Amino acid sequence: SSGIFLGGHHAAATMGFTFSIGDVEVFFPYDTVYPEQLDYMIELKHTLDAKGHCVLEMPTGTGKTVALFALITSYQFYHPEVGKLVYCTRTVPEMSKALEELRNVIEYRVEVLAGRRAAEGLAETEAATGDILAVGLSARRNMCIHPEVSREADRERIDEKCRELTASFVRSHSTVDSRKTCEYYTQYQDFAAGVGRGCALPNGVYTVEDLAALGAKEENKWCPYFMSKRLLQTASVVVLNYQYVLDPKVSQVTMLGGADIPVRRPEGSRIDEVVPGAMKEPSIVVFDEAHNIDDVCIEALSVRLDSASLERSSKNLTDLAAKVEQTKQIDAARLQEEYQRLVQGLHEAGEIDDQVAERISSPVLPDDIVVEAIPGNIRRAEHFINLMRRVVLFLKSYLKERKEARTEGALSLQHRMEEEAQVDSRTLKFCYDRLRSLLNTLEVVNVDEFGPITRVADFCTLLGHYVKGFIAIVDPYPEAHGIYDPVFDFSCLDAAIAMRPVMKRFQSVILTSGTISPLEMYPKMLAMTNVVSTHSFQIQLDRRCICPMIVSRGSDQVPVSSRFALRDDPSVVRNYGQLLEDLVATVPDGMVCFFPSYAYMEKVIKKWYETGVLARVMAKKLVFIETKDIVATTYALANFRLACDCGRGAVFFSVARGKVSEGIDFDRHYGRCVVLFGVPFQYTLSKVLRARLEFLKEHHKIQESEFLTFDAMRAASQCVGRVIRSKRDYGIMVFADQRYSKQDKRDKIPEWIQTFMDITATNMSADAAIQGARDFLLQMSQPQIIDSTTCKSLLSPDVARQRAAEKSRASTVHGFVQEEDRPEKRARTL
C-alpha cells in the first residue's frame, strides 16, 4: 500500500500500536518499532521510575524523538503527578520537527482512546480523551505577525519596534491614538484578562508556525509571541531553546513553573475553566543534541568586553545622564517614586515593565539573587551613573595595564575594584537590578542601544555574587595574528554552576544525543548526582550501510595529520589533496569535508588551488565553502543541494564546530561521504581554555589530555554523524589523521559507529581506503530484499510487546536486587 516516510518509519494509511512497559501503556504512532527505540524507551522509564537523571546516546536516524515523546507522554498520562515535560533543542526547524512528531503521538493516542470509549459506550466526559496542550516558544522575529514590525530584517530592530508598541509606559501615553500601539498585543491582553469571549486555545500541539497562523486569523488577532509565553505555564509539553532553561538572563522571563495562570477553555472542553495549580514545577527536562551542553552553560554565565564596547558603555552612561536631567525637568516625580521603591527593597524595585526586564534579565542564577534593599549609595540615579563610570574607567585601565596576557581570580579582582574604583562587592551585586530599574523609570524603549553598559552591569553582578568557578582574563592578542586588540573575559569555568538550579528544580534531567560519547564525562563536568543510567544504544541494521575508515597515511605511505608539527608539510597537503581527488572520482552525488579550523582550511585550499587540485576536483563536482558569514553560507548550502539534486554532484568544505557541523543534515544523496581532514582540537593556547583545563583538573580530577581528546572527538563525531539520518540511508566516514588510529581517540568514537569499523579499517592507507569505498558503494548499489520474518531492524507489534514484557520483568527483578544490595545500587548510581 502507498505510504509516506516519517521519522525513519514507513507510515501506511492506518498505523500505530500500543504496548506496555511495566505499568505504562505506550502509544506508539507507527506500525513497527526499531529494537533500539524499544530499549531506549525502557531505559527512559527506568529513569523516570527512579526519579533520577540519565545520559543516553541514541544513534542518528533511529527515531529518537518519537520514542522519547511516546514514552514520556504515556508516562505523564498514567502518572500525572510527574508534571510537565520541557523539551530543549537548538534551532527553530528542530523545534518544529519535534512538535510534529509529538503531534503524531498525541493524535494516535486520542484516536485509540476514542475507539475504546465508543466500544464501551462512554461519553467524552466519562473517560480521558488523551489530548494535551503543547506549545513551542521562539524569539519575536520568528513569531511576530504585526504587518510593519515583522518586515524588519534585523532581530534587534524587531525587538525595539515591538517594545515601542507594547511597553506599558508607551501604552499609557497612547490611550487616545491606537495607531501607536499593537492591536495584536491589545487583543492578547484582553484574552489574558478574560475580557469578552476571549480567544482560548483548545488542547492540541502548536508549533511556532501554528501559533502565528492562528494569531493572524481575523477572529483572533492576538500576539502569538506573548500568547506562547503565557501558555508555557499551563502546557503539558513545552518545546523551546536551551537558553530558556540554562541562561538566567532568559529563563526568568519565561517563569517556567511560576504562579498559576487561569486560562479559559472553549465550551465543551473537559478541562476546567481555570487550570488548577497541580503542576507549579515542571518535573522532566530533556536536552536533545546535548553533546555541547557544557559549552552552553559556560557561555550563559560569561561576559566578554573589549575597548570598543567600553567606549560605547561610556557613551551609554552619558546618554543616561542626559535622560535623567531631562526627566528631572519634565517629570521629577518619576525619579522620586523610583527612589522610594528602592528604599522599600529589592522585591518592590523589581516590579518593572516586562518588556525591559526581558531584554536585560539578571545574569545571576535565581537561587543566588540577594533579597535585600539596594544599597543607599546607588539609589539616586546620578549616584548610580557615577559609580558605573568608575567601573568603566577601571576596566579601561585594567584592559590596557600591560601588554602581556594575564589572569586573575574573581576574589582578587573584587579587592582591586574596591581599592582602585571604590566599589565594594555588596554594591556590585545590585548593578543589574539598579540599571533595570533606571531604564524602566526613564522609559527607555531601544534597550539594545544600551547593550554595552548592560554587559558591564552583568559583569559587576556576576563578580559580586560568584568567587569560585570564575576567572578574569585579559588577552592582548586574542586572535593570535599579532594584532593588538585587548579583550577582557570574565569567564565561567564550571558548567555545573548553570546546571545546579536545573538539577535542583527538575525531578528528572535527560541528556541525549546521537553523538554524546564518552557518556561518563558529562556527569563529571556537570556535577550530576543520582544518575540512574548512562547508556549508548547500538544500531541494528539488515545490511552494513555505514562504512567508517581511519586513513593514517597517504598512498606513498607518508603519515597524514593536521598536528602542528606536520601542518606545513607539503607531503601532508599533497596526500590530503590526492585523497580528495580519488574520493570525488569514486563517490557519487554530495560530499562533505571538515577541517579543524578556518585558518587551516584556508591554508590547505590555497595550496590545493596553487597545485591544481581544486581544478581537477571541480571538473567532477562543484565546490562550495563555509565562511564566517552566515548569509553567504546559507546561499552556499542551498546551491550545494541544487547541484546534488540535478546530478552534477558537489563538495562542501566546512569547519568543525561551525554552523554546518552542528545543525545541518546531509542525508541521502546530499552526503554519501564525509571526510575529516585532521582532528578538531581546540586552540590550546587560548587563555580561557587553559584556565578551564586547570579548573577541571583541580575540581573534577579530569586531566588536560583527557578533556582535550574528549572535546575533539565529540566534535569529530558530530561531523561524521551528519551523513546518516535514517536506517535507509548509507554513507562513508573517513577519519583522515593518523591520530585517530590511537586507542585513546578511537575509543571515544560513538559505539554505534565503532561497531561497523573492522580492525583492518583502523589504520589504512589512502589507496586501501579508496578500494574500501568502491567495494562499499558496489554493495550498496545492489537491490535489498528484506524478509519480514528475518528482519532484525524492525519489530512487529507482537514481537515488540513480547520483548517489552520480558525486559520489564527483567528490570523489575533487577530493581529488587538493587534494593536488597545497597553496594550494587551505589555502583549503578553514579
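What counts, and where the lines are drawn
Residues numbered from 1 in each chain as written. Predicted model: local features only at pLDDT ≥ 70, side-chain atom pairs only at ≥ 80, totals over all residues. Heavy atoms only, no water. Helix = DSSP H or I, 4+ residues; strand = E, 2+ residues; numbered from the N terminus. Buried < 20%, exposed > 50% of the residue type's maximum accessible area, 1.4 Å probe, protein only. Polar contact = N/O pair within 3.5 Å; in protein donor to acceptor, adjacent residues only side chain to side chain. Contact = heavy atoms within 4.5 Å. Arc of directions from axis to C-beta. Axes fitted to C-alpha atoms, helices over the stretch in contact; angles between N-to-C directions. Parallel < 35°, antiparallel > 145°, perpendicular 65-115°, else oblique. Left-handed = near helix turned anticlockwise from the far one by under 90°. Pairing = 2+ DSSP bridges.

1. Section: the side chain of Glu-408
Part 1 of the reasoning: Tracing the backbone shows Glu-408 in strand E12 (residues 406–409).
Part 2 of the reasoning: What makes Glu-408 buried here is its relative accessible area of 12%.
Part 3 of the reasoning: A polar atom in the side chain of Glu-408 sits 2.6 Å from the side chain of Ser-412.
Part 4 of the reasoning: Every residue in contact with Glu-408, bar those within four places of it in the chain, is listed here: Tyr-398, Leu-413, Arg-416, Ile-471 and Ala-472.

2. Overview of helix H17 (residues 410–420)
Part 1 of the reasoning: Considered for burial, the residues of H17 that qualify are Ala-410, Leu-413, Gln-414, Arg-416 and Met-417. Buried residues along H17 cover an arc of 165 degrees about the axis, so they all sit on one side.
Part 2 of the reasoning: Buried positions along H17 lie against helix H16 (381–399), E12, helix H18 (425–428), helix H20 (451–465), strand E13 (470–475) and strand E14 (487–492).
Part 3 of the reasoning: Count one or two residues on from H17 and you reach Gln-422, which has phi positive near 55 degrees.

3. A few points about the packing of H16 against helix H19 (residues 431–441)
In helix packing, the relevant descriptors are the interaxial angle and the interaxial distance, both defined with respect to the helix axes.
Part 1 of the reasoning: Running from amino to carboxyl end, H16 crosses H19 at an angle of 130 degrees, the nearest separation of the two axes being 11 Å. Classified by the angle between their axes, H16 and H19 sit oblique to one another. Considering only the axes of H16 and H19, their crossing is left-handed. In contact with Ala-381, Phe-384, Ile-385, Leu-387 and Met-388 of H16, H19 contributes Cys-431, Arg-434, Leu-435 and Leu-438.

4. Some thoughts on the environment of Val-584
Part 1 of the reasoning: Within the element layout of this structure, Val-584 appears in helix H23 (residues 570–586).
Part 2 of the reasoning: Taking the relative accessible area as the measure of exposure, Val-584 reaches 5% and is therefore buried.
Part 3 of the reasoning: Between the alpha carbons of Val-584 and Gly-649 there is a distance of 9.1 Å; along the sequence they are 65 residues apart.

5. Side note on H19
Part 1 of the reasoning: Of all the 11 residues making up H19, 11 are buried; the element is thus mostly covered by neighbouring parts of the structure.
Part 2 of the reasoning: Every buried residue of H19 is listed here: Cys-431, Tyr-432, Asp-433, Arg-434, Leu-435, Arg-436, Ser-437, Leu-438, Leu-439, Asn-440 and Thr-441.

6. As for the sheet that holds E12
Part 1 of the reasoning: Spatially, E11-E14-E13-E12 is the arrangement adopted by the 4 strands of the open sheet, whose pairing is antiparallel. Both edges of this open sheet fall to strand E11 (303–306) and E12, since each of them pairs with a single strand only. On average, adjacent strands in this sheet sit at an angle of 15 degrees to one another, irrespective of strand direction.
Part 2 of the reasoning: Here 6 bridges tie E13 to E14, and the two strands are oriented antiparallel to one another. Bridged to Ile-471 within E14 is Ser-491.

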